[in-house]
Amino acid sequence: MKDLQHLCLVTCFGAVFVLGGPGSGKGTQCALIKAKYGYTHLSSGDLLRDEVKSGSQLGVALDTTMKNGDLVPTEVRLTHPPLSFQPISTSPQSNQNME
C-alpha cells in the first residue's frame, strides 16, 4: 500500500478534494471513493487531455505547453470551461496554489 502521509482529503460542500503530488495515490483513492460512495471523479489531468484531443485552439496551446513539460498556468485552468470545473483530484501546480 502506498504511503498516504502525503495525500490530503478535504470535504467541502458535498465534494471530496484529493490533493497530493504526482504518484501519491490520488487516482487510487478517488477510484475507491467513487466505488464506495458513488461520487463523480473529475481529474484536472483528464480534463486537460480531453481538451487537447478536441483539437480546439486552447487544446493546441495546452498540447504545446504539456509537451514542453511546462505547467498549465493557473489562470488558464480557472477561466476556461470545462477546465474551470473543480476537480476531485489534482496536483498543486505551485506554492501559490498551496496557500
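Residues numbered from 1 in each chain as written. Predicted model: local features only at pLDDT ≥ 70, side-chain atom pairs only at ≥ 80, totals over all residues. Heavy atoms only, no water.

J.: Pulling in residues and values, what's your account of the overall build of the protein?
T.: When its secondary structure is counted, the protein shows 5 helices and 3 strands. Taken from the N to the C terminus, the helices and strands of the protein come in the order β-β-α-α-α-α-β-α. Counting every position in the protein, which comprises 99 residues, the buried fraction comes to 28%. Taking contacts inside the protein between residues at least 6 apart in sequence as the whole, the part at least 24 apart equals 42%. (Helix = DSSP H or I, 4+ residues; strand = E, 2+ residues; numbered from the N terminus. Buried < 20%, exposed > 50% of the residue type's maximum accessible area, 1.4 Å probe, protein only. Contact = heavy atoms within 4.5 Å.)

J.: Give a description of the packing of helix α2 (residues 44-54) against helix α3 (residues 57-67) that names residues and reports values.
T.: The N-to-C vectors of α2 and α3 enclose an angle of 120°; their axes lie 7 Å apart at closest approach. Overall, the two elements α2 and α3 adopt an arrangement that is oblique. Between α2 and α3 lies a crossing whose hand is left-handed. The segment α2 lies against α3, with L48, R49, E51 and V52 engaging L58, G59, L62, D63 and M66. (Axes fitted to C-alpha atoms, helices over the stretch in contact; angles between N-to-C directions. Parallel < 35°, antiparallel > 145°, perpendicular 65-115°, else oblique. Left-handed = near helix turned anticlockwise from the far one by under 90°.)

J.: I'd like a description of the confidence of the model for the protein, backed by residues and values.
T.: Looking at the protein as a whole, the pLDDT averages 77, with 73% of positions reaching at least 70. The least confident element of the protein, judged by mean pLDDT, is helix α5 (residues 95-98) at 48; the most confident is α3 at 93. (pLDDT = per-residue confidence, 0-100.)

J.: If you had to explain helix α1 (residues 26-37) to someone new, which residues and values would you point to?
T.: Residues three or four positions apart in an α-helix share a direction because the helix packs 3.6 residues into each turn. With 12 residues, α1 extends 16 Å from end C-alpha to end C-alpha; this agrees with the ideal 16 Å at 1.5 Å per step. Among the residues making up α1, those that are buried are K26, Q29, C30 and I33. The buried residues of α1 all sit within an arc of 100° when viewed along its axis, so they share a single face. Residues of α1 that are exposed and point more than 90 degrees away from the buried face comprise L32 and A35. Taken from the residues just after α1, G38 is the one with a positive phi, measuring 75°. (Expected span 1.5 Å × (residues − 1). Arc of directions from axis to C-beta.)

J.: Talk me through the environment of F17; I want residue IDs and the actual numbers.
T.: Considering the arrangement of structural elements, one finds F17 in strand β2 (residues 15-20). As a C-alpha pair, F17 and L42 span 25 residues in sequence and 9.8 Å in three-dimensional space.

J.: Which residues make up the pattern of salt bridges, and what values do they have?
T.: By the definition in use, this model includes 2 salt bridges. A salt bridge links D46 to R49; the nearest nitrogen and oxygen atoms lie 2.7 Å apart. A residue pair is termed a helical-turn pair when its members lie 3 or 4 positions apart in one helix, as D46 and R49 do in helix α2 at 3 residues. Accessibility expressed as a relative area gives 37% for D46, which makes it partly exposed. Its relative accessible area of 44% is what places R49 among the partly exposed residues. We note a salt bridge from D63 to K67, for which the minimum N-O separation is 3.2 Å. Here the residue D63 and the residue K67 both occupy positions in helix α3, the gap between them amounting to 4 residues, near one helical turn. Residue class for D63 comes out partly exposed when judged on its relative accessible area of 24%. (Salt bridge = Lys/Arg side-chain N within 4 Å of Asp/Glu carboxyl O.)

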